[in-house]
Amino acid sequence: MRAFSFIHAADLHLDSPFKGLSGLPDAVKAGLRDSTFAALDRLVELALERRVDFVLFAGDIYDAKDRSLRAQLRFQQALQTLAGRGIRSYIIHGNHDPMQEGYAAKLSYPSEAHIFGCLEVESVVAAGADGTALARISGISFDRAAVTDNLTPGYVSHFDGLFHIGLLHTNVDGDGEHGNYAPCRLGDLLGRGIDYWALGHVHTRRVLHERPWVVYPGNAQGRHIREQGARGCYLVEVSAQGEAQLRFQPLDSWRWEAAEVPIDGLETEQQLKEALEEALDAAAAAGEGRSVLLRLSLTGRGVLHGVLRRAGAAQELASALGEACDGVWLESLTDRTGAQVDTEALSAQSGFLGELLRLAGSTGASSSLLTELCTDSLAPLSVNPLLASLLDGITEAEKREWLRQAEELAIDLLMPGLEAGRHG
């Protein structure tokens, strides 16, 4: 066996629409719309620069089963560029781009690109430019979006002495952040004669096991605030002895970051402005030269809460910060601050406010009571079918945040003049 190298990528989600960013400048929105394609271009550049032997695409090449023609043409072009330099590609389809659902253009792909079928696990031998067998690659595509079967039993040993790679789009051990498609347990992946499991579906990169390697590279470009930090692929080098070394390679052109700026101890608007600018500078550093979309939350308790609760104050701050730091764009600025009070002392007092805070505390401590409160409160909205479907997706964390906001509003309304002192 001779040494070889490959790139393991997954979840390109080409032509992702990046919804819900209407407040950003048109140039920023255009850059975001092109960012998934830019990640693909960087992947191809990396493959050419490092002269890898092949590239693995572990599913969800496209963002939707009715994949855009633009996305399909760009992917075809990428495969042709790789093939033109003697680099082979091995591809499976996942839940976003199943083989037998949605729109797929009738395009010709280079012979150096192998797309695994969806009927059973296929196994092929990857050869170098000189025809030398390098590795065995086994894989299967999704035929439909909602594959609920465990696909791992189809992967078997071949006892041919080749480094064996298993290409699979799957949810290992029931990751709650992603749909439970092609579910399996980590134990299902071990002992099958696979040296490297090249997984897709989970968007955060993770190495679940070593020797055999069980690896999620994450997605190539973050698409929303829940996909923070660097995004990219793994460059894998395999020695003649079959030992693999992994190196993460960023491919993203935009980074999503979130930060909290506490107002505790801040006394002036100037101090608040400086604290926000520090958060922008930290986000720029985290971006490592890339453009950053930043979600800021103002938290804590302090005298500036009285300033921030003025109507439009958060929007005024966001507007002022818009040009404060090159390359950093505010996705949102949220005020989650509270009045400078001792809430424990308040809740221990007699009277309406104390009783209200005690009730809120007991409700927040019980999932069932919290659900009951939200169900009763939102009942008038549920008669609208569209709103009812949106309400079904509300998380417990969102319910707790609503309760917290209600507590703070009660304190503001029932203790008038609390923040009026200096900022009246």
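About the cut-offs
Residues numbered from 1 in each chain as written. Predicted model: local features only at pLDDT ≥ 70, side-chain atom pairs only at ≥ 80, totals over all residues. Heavy atoms only, no water. Axes fitted to C-alpha atoms, helices over the stretch in contact; angles between N-to-C directions. Helix = DSSP H or I, 4+ residues; strand = E, 2+ residues; numbered from the N terminus. Parallel < 35°, antiparallel > 145°, perpendicular 65-115°, else oblique. Contact = heavy atoms within 4.5 Å. Nonpolar A, V, L, I, M, F, W, Y, C, P; charged D, E, K, R; others polar. Buried < 20%, exposed > 50% of the residue type's maximum accessible area, 1.4 Å probe, protein only. Pairing = 2+ DSSP bridges. Salt bridge = Lys/Arg side-chain N within 4 Å of Asp/Glu carboxyl O.

1. A look at the packing of helix α9 (residues 367-378) against helix α11 (residues 396-414)
Here is step 1: Here α9 crosses α11 at 75 degrees, and the two axes come no closer than 10 Å. Looking at the two axes, α9 sits roughly perpendicular to α11. Facing Ser 367, Leu 370, Thr 371, Leu 373, Cys 374 and Leu 378 of α9, the residues of α11 in contact are Glu 396, Lys 399, Arg 400, Trp 402 and Leu 403.
Here is step 2: Residue composition of the contact of α9 with α11, grouped by class: six nonpolar, two polar and three charged.

2. Here's the deal with the pairing of strand β14 (residues 291-299)
Here is step 1: Counting buried residues in β14 gives seven out of nine residues, a clear majority hidden from the surface.
Here is step 2: Bridge analysis of strand β13 (residues 254-262) against β14 gives nine bridges, and the strand direction is parallel. Paired with Trp 256 across the two strands is Leu 293, which belongs to β14.
Here is step 3: When β14 meets strand β15 (residues 328-335), the two strands line up parallel, connected through seven bridges. In the strand pairing of β15, Arg 295 is matched with Ser 332.

3. Overview of the pattern of salt bridges
Here is step 1: Under the counting rule described, the total for this entry stands at 27 salt bridges.
Here is step 2: Salt-bridge contacts for Arg 290 lead to Asp 252; the nearest nitrogen and oxygen are separated by 3.1 Å. With Arg 290 in the loop between α4 (269-286) and β14 and Asp 252 in the loop between β12 (244-250) and β13, this residue pair connects regions lying 38 residues apart in the sequence.
Here is step 3: Among the ionic pairs, Arg 309 bridges to Asp 412, the shortest N-O distance being 3.4 Å. Of this pair, Arg 309 sits in the loop between α5 (305-308) and α6 (313-321) while Asp 412 is found in helix α11, placing the two residues 103 residues apart along the sequence.

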